[in-house]
Amino acid sequence: MPTPTKGPRLGGSPTHERLMLNNLAAQLFEHKRITTTVTKAKRLRPVAERLITAAKKGDLAARRRVLAQIGDKSIVHELFTSIAETMAERPGGYTRITKIGPRNGDNAPMAVIELVLEPYSPKQATVKEAEQATAAAAAPADEEVVSDDVTVTEDADGDVVVDEVKVTEDAEGNVETDETVEVIDPEAGKDK
């Protein structure tokens, strides 16, 4: 169990707190999401994630360790079969805490803690990086600015392209742009 936070415990004794967190973890695995106070949810997160990590190992020793904390065999079976399989690729962060409004009666801050069951795609981050790299590679590298309104570039075919932008301002201060594109001889841009 993680080091207790400073201040009062959730229960009257360390044993009562440990039992409460184990029962909350069992209910989380059974229902996939539970509503509790923010403090209990924050204290439950490391306990539940440690149990899921043990379930991902899947060996007999891990099953017995989890069964010592959660007494219900059906919940442990569900944890080791369905939940551990969905979390197999996920490196961590198995739970999500979402704060909701205060509880009626005592105005305690409430939260929903739930298992993150969406499929994990490690390729998602690398795909975004690859798209950015290809976009940077596709941008013209040989761009030369002749003046503020004329740009000379070379396209993929080796043609030299001159982009001219005419900027005009009317009496009211509105700016209008007219863009024209000229293609110059392909041999003009190549070194001889």
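Up top you'll find the structure we're talking about.
Residues numbered from 1 in each chain as written. Predicted model: local features only at pLDDT ≥ 70, side-chain atom pairs only at ≥ 80, totals over all residues. Heavy atoms only, no water.

Q: Explain the packing of helix α2 (residues 38-57) against helix α3 (residues 60-69) residue by residue, including any values.
A: Interhelical geometry of α2 versus α3 gives an angle of 150° and a closest axis separation of 8 Å. The angle between α2 and α3 falls in the class roughly antiparallel. Seen from above, α2 lies across α3 with left-handed handedness. Residues Leu51, Ala54 and Lys57 of α2 touch α3, and the partners they reach there are Ala62, Arg65, Val66 and Gln69. Looking at side-chain class alone, the contact of α2 with α3 contains 4 nonpolar, 1 polar and 2 charged residues. (Axes fitted to C-alpha atoms, helices over the stretch in contact; angles between N-to-C directions. Helix = DSSP H or I, 4+ residues; strand = E, 2+ residues; numbered from the N terminus. Parallel < 35°, antiparallel > 145°, perpendicular 65-115°, else oblique. Left-handed = near helix turned anticlockwise from the far one by under 90°. Contact = heavy atoms within 4.5 Å. Nonpolar A, V, L, I, M, F, W, Y, C, P; charged D, E, K, R; others polar.)

Q: Which residues make up α2, and what values go with them?
A: It helps to recall that an α-helix has 3.6 residues per turn; residues three or four apart then point in one direction. Given a rise of 1.5 Å per residue, 20 residues ought to cover 28 Å, and the 29 Å separating the end C-alpha atoms of α2 matches this to within 8%. Leu44 marks the point of greatest bend in α2, at about 30°, and the proline Pro46 comes within the next four residues. Lining the buried residues of α2 we find α1 (14-31), β1 (33-37), α3, α4 (73-86), β2 (95-102) and β3 (109-115). Where α2 ends, the next residue or the one after it, Gly58, has phi of about 80°, a positive value. (Expected span 1.5 Å × (residues − 1). Bend = angle between axes of the 7 residues up to and from the residue.)

Q: If you had to explain the packing of α1 against α2 to someone new, which residues and values would you point to?
A: Between two packed helices, both the angle of their axes relative to each other and the distance between the axes serve to describe the pair. Look at α1 against α2: their axes get within 9 Å of each other, and the N-to-C directions meet at 70°. By the angle between their directions, the pair α1 and α2 is classed as roughly perpendicular. The hand of the α1/α2 crossing is right-handed. Residue-level inspection shows Glu17, Met20, Leu21, Asn22, Leu24, Ala25, Leu28 and Phe29 of α1 in contact with α2, the latter providing Lys40, Arg43, Leu44, Val47, Ala48, Leu51 and Ile52. For the contact of α1 with α2, the residue count by class is 11 nonpolar, 1 polar and 3 charged.

Q: Can you explain the pattern of salt bridges? Please cite residues and give values.
A: Per the counting criterion, the structure on display carries 6 salt bridges. The closest approach of N and O atoms between Arg43 and Glu17, which form a salt bridge, is 2.1 Å. Separated by 26 residues along the polypeptide, Arg43 in helix α2 and Glu17 in helix α1 bring together distant segments of the chain. In this structure, Arg43 and Glu17 share a single accessibility class: buried. Its salt-bridge partner being Arg103, residue Asp106 comes within 2.9 Å of it at the nearest N-O pair. Asp106 gets classed as partly exposed once you look at its relative accessible area, which sits at 47%. (Salt bridge = Lys/Arg side-chain N within 4 Å of Asp/Glu carboxyl O. Buried < 20%, exposed > 50% of the residue type's maximum accessible area, 1.4 Å probe, protein only.)

These figures come from the coordinates and say nothing about function on their own.
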